[in-house]
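Overview (structure and organization)
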Amino acid sequence: MAFVSFLIPCFVISTDIAFSCQNTDDFVGASSPGDIVIGGLFAVHSEMLHPEEHSIKPVIQNCAGFEIQIFLQTLAMIHAIEMINNSTLLSGVTLGYEIYDTCAEVTKAMASALRFLAKFNSSNDVVEFKCNYSDYIPRIKAVTGASYSEVSMAVSRLLALQLIPQVSPASSAEILSDKIRFPSFFRTIPSDFHQTRAMAHLICESGWNWIGVIATDDDNGRFALESFGVQAMANNVCIAFKEMLPAYLSDNTFHTKVDHAVEKIVKETRVNVIVVFMRQFHVLKLFKKAIERNVNKTWIASDNWSAAVKISTIPNIRQLGTIVGFGFKSGDISTFQDFLRNLHEKPTDNNKFLHEYIMLLSVCAHLEYHDFQTCISNQSQDDLLQNVENKHQIWRDDFLNANIETGFIHSTILAVYAIAHAIKGQCKDRNCKDPSAFTPWELLEELKKVTVIDDDKEIKFDSNGDMSTSYDVLLWKEIDGHMEITTMGEYDPEKGDFIFEDEEKKKAFLDLKKVQSTCSQHCRPGQMKKVTESPHTCCYECVYCPENHYSNQTDMDYCYRCNNKTYWAPVNSTTCYRKTIHFLAWTDWFAIFLLLLSAFGVVLVLSISVIFTKNLNTPVVKASGGLTVCYIILFSHFLIFLSTIFFIDEPTEFKCKTRQALFGISFALCISCILIKSLKILLAFSFDPKLQNFLKCMYKPIPTVVTCTGIQVIICTFWLIFRTPFVKQNFSIPRAIILECNEGSIVAFGIMLGYIAALAFICFIFAFKGRKLPENYNEAKFITFGMLIYFIAWIVFIPVYATTFGKYLPAVEIIVVLISNYGILCCTFLPKCYIIIYKQETNTKSAFLKMVYTYSSKSAGSVAVSQISLDSKSSSSRATISDSCKSEKNSVNGNCHFQVPGQRLIKGKVLPENTARTVARKRLSSI
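Residues numbered from 1 in each chain as written. Predicted model: local features only at pLDDT ≥ 70, side-chain atom pairs only at ≥ 80, totals over all residues. Heavy atoms only, no water.

Structural notes on the overall build of the protein chain
Check the secondary structure of the protein chain and you find 29 helices and 27 strands. Relative to all contacts within the protein chain whose residues are 6 or more apart in sequence, the contacts with residues 24 or more apart total 70%. Per element, the accessible surface of the protein chain, about 43,300 Å² overall, is 57% carbon and sulfur. (Helix = DSSP H or I, 4+ residues; strand = E, 2+ residues; numbered from the N terminus. Contact = heavy atoms within 4.5 Å. Areas by Shrake-Rupley, 256 points an atom, 1.4 Å probe, with all protein chains shown as cover.)

What about a nonpolar patch on the surface?
A cluster of nonpolar side chains, namely Phe-785, Leu-788, Ile-792, Val-796 and Val-800, defines an oily patch on the protein surface of about 410 Å² accessible area. Mapping Phe-785 onto the fold places it in helix H25 (residues 779-803). (Patch = residues over 30% accessible without salt bridge, like charges linked within 9 Å, V, L, I, M, F, W, Y side chains within 5 Å. Salt bridge = Lys/Arg side-chain N within 4 Å of Asp/Glu carboxyl O.)

A word on the sheet that holds strand S27 (residues 736-742)
The three strands lie next to each other as S25-S27-S26, forming an open sheet whose pairing is mixed. Unpaired on one side and paired on the other, strand S25 (580-582) and strand S26 (726-730) mark the two borders of the sheet. Sheet twist, expressed as the mean angle between neighbouring strand axes with direction ignored, is 30 degrees. By the bridge criterion, five bridges tie S26 to S27 in an arrangement that is antiparallel. Bridge assignment links Asn-730 to a residue of S27, and that residue is Ile-738. (Pairing = 2+ DSSP bridges. Axes fitted to C-alpha atoms, helices over the stretch in contact; angles between N-to-C directions.)

Structural notes on helix H16 (residues 440-447)
The complete set of buried residues in H16 reads Pro-440, Leu-443, Leu-444, Glu-446 and Leu-447. The buried residues of H16 occupy one face: seen down the axis, they fall within an arc of 165 degrees. (Buried < 20%, exposed > 50% of the residue type's maximum accessible area, 1.4 Å probe, protein only. Arc of directions from axis to C-beta.)

A closer look at the nonpolar core
Core analysis: the largest hydrophobic core is formed by 124 residues, its most contacted members being Phe-287, Trp-299, Trp-305 and Phe-336. The leading source of residues in this core is helix H3 (residues 68-85), at 11 residues. Once residues within four sequence positions are removed from consideration, Phe-336 is found in contact with Leu-72, Leu-75, Ala-76, His-79, Ile-404, Ile-409 and Ile-413. Counting residues in each nonpolar core, the second largest holds 71 residues, with Ile-633, Cys-763, Ala-767 and Tyr-822 among its members. (Core = buried A, V, L, I, M, F, W, Y, C linked by side-chain atoms within 4.5 Å.)

Things to note about the pairing of strand S17 (residues 482-492)
Looking at chain direction, strand S16 (residues 471-479) and S17 are connected through nine bridges and run antiparallel. The residue bridging Tyr-471 from the neighbouring strand is Tyr-491, located in S17. Linking two consecutive strands that pair antiparallel, namely S16 and S17, is a turn of two residues; a positive phi of about 55 degrees is found at Asp-480 within it. Note: S17 against strand S18 (residues 497-499), three bridges, orientation antiparallel. When the bridges of S18 are listed, Asp-492 appears paired with Asp-497. Where S17 hands over to S18, the hairpin turn is made up of four residues, of which Gly-496 adopts a positive phi near 70 degrees.

Topic: empty space enclosed by the protein
The final tally for this structure, using the stated rule, is seven cavities of 30 Å³ or more. For the largest cavity, the calculated volume is near 130 Å³. Along the walls of the largest cavity sit Glu-67, Gln-69, Ile-70, Gln-73, Ser-147, Tyr-148, Ala-170, Gln-280, Phe-281, Asn-304, Glu-405 and Phe-408, which together make up its complete lining. Elements represented by at least two residues in the lining of the largest cavity include exactly H3 and helix H9 (280-292). It is H3 that provides the largest number of residues to the lining of the largest cavity, a total of three residues. The residue inventory of the lining of the largest cavity, partitioned by class, reads five nonpolar, five polar and two charged. A volume near 90 Å³ is recorded for the second largest cavity. Phe-647, Asp-649, Pro-651, Leu-739 and Pro-810 are the residues nearest the centre of the second largest cavity, which is lined by 14 residues in total. Among the elements that take part in the lining of the second largest cavity, S27 stands out by supplying four residues, more than any other. Grouping the amino acids of the lining of the second largest cavity by side-chain chemistry returns nine nonpolar, one polar and four charged. (1 Å grid on protein atoms, 1.4 Å probe; cavity = no way out; pocket = protein on both sides within 12 Å on 5 of 7 lines; lining within 4 Å. Points joined across faces, edges and corners; volume = space filled by probe spheres on them. Nonpolar A, V, L, I, M, F, W, Y, C, P; charged D, E, K, R; others polar.)

Points about the packing of helix H8 (residues 254-267) against H9
For any two helices packed against each other, the geometry is given by the interaxial angle and the distance between the axes. With their axes 10 Å apart at the nearest point, H8 and H9 run at an angle of 55 degrees to one another. Relative to H9, the element H8 is oriented oblique. Considering the relative orientation of H8 and H9, their crossing is right-handed. Together, Phe-254, Val-258, Asp-259, Ala-261 and Val-262 of H8 and His-282, Lys-285, Leu-286, Lys-289 and Ala-290 of H9 make up the contact between the two elements. Looking at the contact of H8 with H9 residue by residue, the classes come out as six nonpolar, one polar and three charged. (Parallel < 35°, antiparallel > 145°, perpendicular 65-115°, else oblique. Left-handed = near helix turned anticlockwise from the far one by under 90°.)

A short note on the sheet that holds strand S6 (residues 142-145)
Taken in spatial order, the six strands of this open sheet run S1-S5-S2-S6-S7-S8, and their pairing is mixed. Both outer strands of the open sheet, strand S1 (30-32) and strand S8 (185-187), are each paired with one neighbouring strand and no more. Taking each pair of neighbouring strands and ignoring which way they run, the sheet shows an average axis angle of 20 degrees. Where S6 and strand S7 (residues 166-168) come together, two bridges link them in parallel fashion.

See below:
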């Protein structure tokens, strides 16, 4: 390199302007006559020189920066035309060419286009102004080129004036697919739309979402950047920064902006992937500066430079990191390689590009490979005016072959063949040796229908004028100390997929994932992204999924919600868990305890039944209403205990309907029978005639029991028909489903319980009236206590039941049922059982007669005294008689007044003792 720096100043810039444009013929870079002439536009030089003086004149200047790769494309065009002329494709019609150097400048390209528009055989290359160019025959019939999209856009608009077909092998800007603005433009490569989509796909597949983009500030760079931005957004990729470099190397700010771009790359430490949409000479400058700053990133190359040999041979290029790019699909170019081997035998008279290359070989041939290439690129046309006659001309076949970019060579040859096939279509019935046989716009229509065979595949232009060929995915690898550009895979634009020949190449592709280029760390499953204050969606915080939400992939934007009815999830969950179904199971300890209580109650009922059956004829059993009534009451208690099993285990429709109805009807039957007993006791020991008459009207045992129980049956029937209970899933507990019985109608449930309460209250009133019965027969008192226990239990039940939830809710009702059932059962039967078992001396007829007699005597005496005290006509003699009666208790014929309920008043007589005993027996029998 030092030698090159020394060498370049040694060339003295001559005032000879042999390479400058003196006339229009000097403007042509390479030409060959033919029956039909095809134009060519290629940027053989990378920049056009500008005068140093301030005054600018409209003069086309010389160019600098000889581009070997594009020079090879001009040779590919020449080779393709020679191949066609030597074949039978056009059957005797020869193709000629005029190739112009655009110097990567729109201005110079427009000058070339103007010559294309000049009228055929015009001595002064005059472009005629016409309103109708249908019959106009221009200098050329079609154009191949240009190398850059920005140039193609300008030239295509000019060529569209006469609808001259333009087929580009390299201009990939997406906007050129617009047939309204560019009606005569075609290309043998895909649109940038597919390239940018492929890039975004690659970035997404590799797990990158925080990247930088560097592009040239021209139409091609801006459109590529815009297209990539859309594709990146669609793939959730964020662009951390965008740097635009001047399109022309002659721009005074170029080096400053390159420095700024490199500084930006160094500063953005989290950005490890850079996408580059630039021309080769821009990339060359950028990479040299990046190597100086020890930048190590992953670079994604656009088709402009992905296969650029002159960049891959930069010293220390491996320090830059990994370079992966997309290149146009290549084909068989073996014939072109043979053409290059014989190139030194070709005349240079009509090929200024070849002549200049030979001169460059003479100047730079003594240098090593990279220095040789740098030397060629750094020479201007003015430098080469130095006399090189004493230089030895050394031909280097290896250099040209090493710099072949197969994708561009293949697409150039394909462009020429496409034009040739269109000409063939026009020449079927015409004499094409006559240049006026057809016009360019007719050739344009034929070109739209052209089908070209390439590697045994038929390809043609689509409605946008594009050939949707695939891309080669290129990977720059260091092999034996040299950077080699290898094909890693293929990208199919139609399917949008990467294709790999073998596992080794696929592994190389997957290894790209090892590079991290994200704004934030990946959110693990169980987390979601929370956008921060950054304007980029790729910059976020990872937060845990809340309860009942989950995420099962990395970098999820939101957490999925579990189905709250059947699933749940904890915080930071990667899946949903099925809720456990809860109910009061048989195996639950509390259920077992309640079942034991119910079983004990059933045993108690059976035991009482046995005791009462064995003592059937005793006064206690008879006084209890007889065995039938006792059995009915005990059976209802048995059913109530039995109803508790329907509250346990998994609820079913049958259980839900049965449990409340069975309990309600059984309890109503029990209370109805106890109510009859209360009425009977009150009737037996009541000495109030009015009350006794009322109780006699009320005391209808069978109708009363049937009516009271029947009303409850009706209530339950209507309840089961119209608002029947059903099984309900309760989701109030976050991680469980409570299976429970919904009562269907709270109102019906309340009416059922209220009706039982009403019966119990009436029973309580009657039993309370008879609370002062004989000590040995105090059943009314115990009935009163039993009803009080019932009321207390069910009053407590209402708020507890209303505020309790979960699987133990049925247990609350079971407890209340058991308490009330045990209370009534024990208060009704246990005192009698106690007398039967432990107080057998009181369980005799005589003992009961004595007890009833004593109670009746006391009650009757108090009544008589009341009658006497209220009699205003009583005499003192009655008092004497009364006293004598009291003094002679055993007298048979007394003069006292004694009235027994239900008997006549016996005046002046003392009631005989046997008469009192008779009354007692009647009381006992009534009970």
